[in-house]
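Now for the letters of each chain:
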Amino acid sequence: MAALECTACGVSARGQASGGGGQGRQVVNKRDSKGIIRQWDREIEAEIRREAARQRDKGRWKAVVWGALWFLWLGLLFGAIAVFRSLH
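Criteria and cut-off values
Residues numbered from 1 in each chain as written. Predicted model: local features only at pLDDT ≥ 70, side-chain atom pairs only at ≥ 80, totals over all residues. Heavy atoms only, no water. Helix = DSSP H or I, 4+ residues; strand = E, 2+ residues; numbered from the N terminus. Buried < 20%, exposed > 50% of the residue type's maximum accessible area, 1.4 Å probe, protein only. Contact = heavy atoms within 4.5 Å. Areas by Shrake-Rupley, 256 points an atom, 1.4 Å probe, with all protein chains shown as cover. Salt bridge = Lys/Arg side-chain N within 4 Å of Asp/Glu carboxyl O. Phe/Tyr/Trp six-rings, centres within 6.5 Å; stacked < 30°, edge-to-face > 60°. Patch = residues over 30% accessible without salt bridge, like charges linked within 9 Å, V, L, I, M, F, W, Y side chains within 5 Å. Lys, Arg positive; Asp, Glu negative; His and termini not counted. Charge placed at Lys NZ, Arg CZ, Asp CG, Glu CD. pLDDT = per-residue confidence, 0-100.

## Section: the overall build of the protein
Within the protein, the regular secondary structure consists of 1 helix and 3 strands. Burial analysis of the protein (88 residues in total) assigns 10% to the buried set. Put simply, 11% of the contacts in the protein that link residues at least 6 apart link residues at least 24 apart. Entry remark: accessible area of the protein is about 7,600 Å², with carbon and sulfur atoms responsible for 62%.

What follows is the structure, given as structure tokens:
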């Protein structure tokens, strides 16, 4: 079995991880580490899909809000023109 070590996440496939005497580190075999990596990949892909769905939904509402703001601005402009015309 090949020895795997991830010092950033504290996981080692050796009997004892290097540095610090293995405190707070877990020993895993190669099959477990592949399973962990597959699970992380599934979680990352699910998060990417959720974020893409959120952005699609947000895009529609953004167009509606910008359209409403444009009509509001247009109404204020015509209102201001009407007020200034009535002053003359």
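## With respect to the pattern of salt bridges
Think of it this way: side chains of opposite charge can pair up when their charged atoms draw near. Applying the stated criterion across every chain, the model contains 3 salt bridges. Across the pair glutamate 47 and arginine 50 runs a salt bridge, and its minimum N-O distance is 2.7 Å. One end of the pair, glutamate 47, and the other, arginine 50, are both in helix α1 (residues 30–87), 3 residues apart, so they sit about a helical turn from each other. For arginine 50, a relative accessible area of 45% translates into the label partly exposed. Here arginine 54 makes a salt bridge to glutamate 47, at a shortest N to O gap of 3.5 Å. By sharing partners, the salt bridges in this structure join Glu47, Arg50, Glu51 and Arg54 into a single network.

## Description of the packing of aromatic side chains
Taken as a whole, this structure holds 1 aromatic pair when the rule is applied. Ring centres of tryptophan 70 and phenylalanine 71 lie 5.1 Å apart, and the angle between their planes is 75°; this geometry places the pair in the edge-to-face category. The exposure class assigned to tryptophan 70 is partly exposed, which follows from its relative accessible area of 48%. Look at phenylalanine 71 and you get exposed, because its relative accessible area is 57%.

## Topic: a nonpolar patch on the surface
There is a patch of nonpolar side chains on the surface, built from Trp70, Phe71, Trp73, Leu77, Phe78 and Ile81 and spanning about 690 Å² of accessible area. By the element assignment, phenylalanine 78 lies in helix α1.

## Digging into a positive patch on the surface
Together, Lys30, Lys34, Arg38 and Arg42 make up a positively charged patch on the protein surface. Within the fold, arginine 42 resides in helix α1. Look at arginine 42 and you get partly exposed, because its relative accessible area is 47%.

## With respect to the confidence of the model for the protein
When pLDDT is averaged along the protein, the result is 78, and 68% of the positions lie at 70 or above. At the low end of the mean pLDDT range in the protein sits strand β2 (residues 11–12), at 50; at the high end sits α1, at 89.

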